[in-house]
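Secondary and tertiary structure notes
Listed here are the chains, written in short residue letters.
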Amino acid sequence: MPQPSSASPAPAAPPGPAGPRVPEAVHRRRWAVLGVLMLSLLIVVLDNSILNVAVKTIASPAPTGIGATQSELEWAINSYTLVFAGLLFTSGLLGDRLGRKKVLLFGITVFGLGSALAAFSGSPGELIGFRAVMGLGAAFVMPATLAVLMNVFERDEQPKAIGIWAGGVGLAIAIGPITGGILLEHFWWGSIFLVNVPVVLLALALMIWLVPDSRDPRPGRIDLPGVLLSVVGLVLLVYGIIRGGELADFTALSVLAPVLGGLAVLVLFVLHERRSDHPAIDMSYFKRPAFSAAVAAIALVFFALMGVTFFSAFYLQSVRGYSALQSGLLILPLAVAQMVFAPRARLVVERFGAKAVCTAGMLLVALGLGAFALFDASTPVWVLEVVFFVQGAGMAHIMPPVTVSIMQALPREKAGSGSAINNTFRQVGGALGVAVLGSLLSSTYRGEIEGHLGAVPEALRGAAGESVEATLAVAEKLGPAGRDLVAPAYGAFLDAMHVTALASALIGLVGAAVVAAFLPGRAPAGEAGPGTPGPGTAGPDGARDAAASSPDGPDGPDGPDGSDPGAAGPDAPAAGTGPGSDARRGSVPGPVPEAGESARR
């Protein structure tokens, strides 16, 4: 039970049970709602990892593929990333203002339309454009799923729900290559996009039926300059990062100009938000060490993980000779570990505190990343599986606690903004990881392989040094004369992978130091820490009305006749006061709100 405030007591309220923030009808179907959110999240996250498996097929001439060049393939991936990252923050703000269910329905519909169009693309240019449409839809889905979750679960159940949500993200990343491999073995390349359509239709029907709407009852004026600055700054920054990864050179003018321009615009965004009387996001949250450390931890762990995911695919397929489907199956232990441990991470946090748990998780991730520095062409498969499992276990003990720290630091009414911050930093961190670590891998490989390209014709020498795949392709083209390139190519790649793995592990250690220094430790008895049940969230908006941001919003229930599906009839007791409502929460008196807190329980 929350401890009474040491400040002057508030006027005595009439005795009686305090109604929960979430209406009884919504509370009863909360796990079904989470299932629907997971379905929409699954197809959005899974789609990105599926495409990585299909790039070779899409590059093939028609009718097998559409004859996309390497640059066109990269932009089929990057157009999605660019739109997605640029609009994440804006979509979260719109969800708080317009209604999270409306934004979620819009996003999943656009994503489904983009998927259908992408499946029947007749040219690389069409595919790039339709992938951008898919990125637009995904940008409205990702923040909305987490924001809806925060508004259908009470505070004491949020850590468990967020753990399941985080485990679902890990599952989608891992099963993407498996799904893509199965589809490409039996159908044409467009099936990797068309498979989304029936899932989208099912998700839409379930959303309309089950998911309640919610929004900020007092959103204030829209901060249009802030929104525009955030979009321009993020798009420029992510474009520069992507361009640097393409060139493997972050000193080129075409890289420095957008990166520095994006950073400058984002600095203007921060200055504007600090001075605005109606900011898009209250920058004072970043003054809290626990909040800023949680955001940094998300960016750092995805920086390290996405970079390793990038080069591990080349290691498994090019060096070890596994197919795309076999490579996907080998990564399954990472998904299994996340699905097993992420929903239970809250229990470990309750016992040891967020600082100890997240630090240990970061160290496990760093250990797994560093292990790649010891791999060679004959490392036993069981060792790979153990390393992937360790990485998954580490991730499972990082993502849920830091996500809870971010989401519970903001009032429930600002759940969309919190989710947008969480997803934006994760996306930017992941893009940086692929670009920076990919560039390190590429430059190290070039330095190692150059000495072995003397016998290669001058016209092919530049292409042969780009990557291990390019070297092997040139060796095959040269026939018997190219056989001497195969072993040096494998050796050069392994050396480059070892350097990149150590750099990734170093990033993981930096993340461990950040969370160890700034995340809160174990909360004293009777107090709440991140990831543990507790009283309301302190926020700059002060205490909120207990029903202000209920999952049915200030405009009433969702049903066509003004009633919520499954809601009690007009003669039934009020939600939270009828028989059985105390049983779900325990019969406790209403909490005494601390200064600036929202009464939630």
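Residues numbered from 1 in each chain as written. Predicted model: local features only at pLDDT ≥ 70, side-chain atom pairs only at ≥ 80, totals over all residues. Heavy atoms only, no water.

So, on to the overall build of the protein chain. Within the protein chain, the secondary structure is distributed over 22 helices and zero strands. When each of the 601 residues of the protein chain is scored for burial, the buried share is 53%. Counting only contacts in the protein chain whose residues sit at least 6 apart along the sequence, the fraction spanning at least 24 positions is 84%. (Helix = DSSP H or I, 4+ residues; strand = E, 2+ residues; numbered from the N terminus. Buried < 20%, exposed > 50% of the residue type's maximum accessible area, 1.4 Å probe, protein only. Contact = heavy atoms within 4.5 Å.)

This paragraph deals with helix 8 (residues 196-210). In an α-helix there are 3.6 residues to a turn, and that puts residues three or four apart on one side. For helix 8, which comprises 15 residues, the first-to-last C-alpha distance of 21 Å matches the rise-based estimate of 21 Å (1.5 Å per residue) to within 8%. Residues Asn196, Val200, Ala203, Leu204, Met207 and Leu210 constitute the buried set of helix 8. The arc that holds every buried residue of helix 8, seen down its axis, measures 155°, which confines them to one face. Along helix 8, the residues that are exposed and aim more than 90 degrees away from the buried face are Pro198, Leu201, Ile208 and Trp209. (Expected span 1.5 Å × (residues − 1). Arc of directions from axis to C-beta.)

What follows covers the side chain of threonine 471. Note that threonine 471 resides in helix 20 (residues 468-478). Judged by its relative accessible area of 0%, threonine 471 falls in the buried class. A distance of 2.7 Å separates polar atoms of two side chains, one belonging to threonine 471 and the other to tyrosine 445. With residues near it in sequence (within four places) discarded, threonine 471 still touches Tyr445, Ile449, Ala464, Leu485 and Ala489. (Polar contact = N/O pair within 3.5 Å; in protein donor to acceptor, adjacent residues only side chain to side chain.)

Here the focus is the pattern of salt bridges. Here the structure, examined in full by the defined rule, presents two salt bridges. Here arginine 30 ties to glutamate 157 by a salt bridge, and the two come within 2.7 Å at their closest N and O atoms. Taken as a pair, arginine 30 in helix 2 (residues 30-59) and glutamate 157 in the loop between helix 5 (124-152) and helix 6 (158-186) lie far apart in primary sequence, 127 residues in all. Exposure class is identical for arginine 30 and glutamate 157. Each is buried. (Salt bridge = Lys/Arg side-chain N within 4 Å of Asp/Glu carboxyl O.)

Attention shifts here to the nonpolar core. Among soluble globular proteins, nonpolar side chains are generally buried collectively. Ranked by size, the top nonpolar core spans 148 residues in total, and within it Ile58, Phe89, Leu149, Phe193, Tyr315, Phe372 and Met497 carry the most contacts. For this core, the element with the most residues is helix 11 (residues 289-319), which contributes 16 residues. (Core = buried A, V, L, I, M, F, W, Y, C linked by side-chain atoms within 4.5 Å.)

Right, let's talk about the environment of threonine 424 for a bit. Looking at where threonine 424 falls in the secondary structure, it is placed in helix 18 (residues 415-449). Taking the relative accessible area as the measure of exposure, threonine 424 reaches 8% and is therefore buried. For the pair threonine 424 and glycine 86, spaced 338 residues apart in sequence, the C-alpha to C-alpha distance is 8.3 Å. Residue contacts for threonine 424: discarding those within four places in its chain leaves Leu88, Phe89 and Leu234.

A separate point is the side chain of serine 115. With respect to the secondary-structure elements, serine 115 resides in helix 4 (residues 100-119). Overall, the relative accessible area of 0% leaves serine 115 in the buried class. Of the polar contacts made by the side chain of serine 115, one reaches the backbone oxygen of phenylalanine 111; its length is 2.9 Å. Those residues in contact with serine 115 that sit more than four places away from it in its chain are Met134, Phe193, Leu194 and Asn196.

This paragraph deals with helix 15 (residues 354-371). Between its terminal C-alpha atoms helix 15 stretches 26 Å, which fits the 26 Å expected from 18 residues at 1.5 Å a residue. Among the residues of helix 15, those classed as buried are Ala354, Val357, Cys358, Thr359, Gly361, Met362, Val365, Ala366, Gly368, Leu369, Gly370 and Ala371.

A complete count under the given rule lists 11 aromatic pairs for this structure. An aromatic cluster is present here, built from Tyr315, Phe372, Phe375 and Phe388 joined pairwise through their rings. (Phe/Tyr/Trp six-rings, centres within 6.5 Å; stacked < 30°, edge-to-face > 60°.)

This paragraph deals with the packing of helix 15 against helix 16 (residues 381-396). Across the interface, helix 15 lies against helix 16 with an axial gap of 7 Å and an inter-helix angle of 155°. In terms of axis orientation, helix 15 runs roughly antiparallel to helix 16. As helix 15 packs across helix 16, the resulting crossing turns out to be left-handed. Residues Gly361, Leu364, Val365, Gly368, Leu369 and Ala371 of helix 15 touch helix 16, and the partners they reach there are Val387, Val390, Gln391, Gly394 and Met395. Of the residues in the contact of helix 15 with helix 16, the class split is seven nonpolar, four polar and no charged. (Axes fitted to C-alpha atoms, helices over the stretch in contact; angles between N-to-C directions. Parallel < 35°, antiparallel > 145°, perpendicular 65-115°, else oblique. Left-handed = near helix turned anticlockwise from the far one by under 90°. Nonpolar A, V, L, I, M, F, W, Y, C, P; charged D, E, K, R; others polar.)

Quick look at the packing of helix 9 (residues 224-247) against helix 18 now. For the pair helix 9 and helix 18, the least separation of the axes is 8 Å and the interaxial angle reads 20°. By the angle class used here, helix 9 and helix 18 are roughly parallel. For helix 9 against helix 18, the interelement crossing comes out left-handed. Contact residues: Leu234, Leu237, Val238, Ile241, Gly244, Gly245 and Leu247 in helix 9; Thr424, Val428, Ala431, Leu432, Ala435, Ser439 and Arg446 in helix 18. Considering only residue class, the contact of helix 9 with helix 18 consists of nine nonpolar, four polar and one charged.

Take a nonpolar patch on the surface next. A cluster of nonpolar side chains, namely Leu363, Leu506, Leu509 and Val510, defines an oily patch on the protein surface of about 350 Å² accessible area. Considering every element that reaches the nonpolar patch, the biggest residue donor is helix 21 (residues 486-518), with three residues. Within the fold, valine 510 resides in helix 21. A relative accessible area of 40% places valine 510 in the partly exposed class. (Patch = residues over 30% accessible without salt bridge, like charges linked within 9 Å, V, L, I, M, F, W, Y side chains within 5 Å. Areas by Shrake-Rupley, 256 points an atom, 1.4 Å probe, with all protein chains shown as cover.)

Take the environment of alanine 377 next. Mapping alanine 377 onto the fold places it in the loop between helix 15 and helix 16. Sequence separation of alanine 377 and glycine 321 is 56 residues, and the distance between their C-alpha atoms is 9.7 Å. The contact partners of alanine 377, leaving out residues within four places of it in the chain, are Val319, Arg320 and Leu494.

In this model, the protein chain carries a mean pLDDT of 76, and residues with pLDDT of at least 70 account for 81%. Looking over the protein chain, one finds the lowest element-wise mean pLDDT in helix 22 (residues 581-585), namely 43, and the highest in helix 4, namely 92. Confidence drops under pLDDT 50 across residues 1-20; counting only partners more than four residues distant or on other chains, this segment forms 24 contacts. Taken as a whole, residues 528-601 scores under 50 in pLDDT and shows 168 contacts with residues more than four places along the chain or in a different chain. (pLDDT = per-residue confidence, 0-100.)

Residue placement: leucine 253 occurs in helix 10 (residues 253-275). Accessibility expressed as a relative area gives 69% for leucine 253, which makes it exposed. Here the alpha-carbon distance between leucine 253 and glycine 240, two residues 13 residues apart in the chain, equals 9.8 Å.

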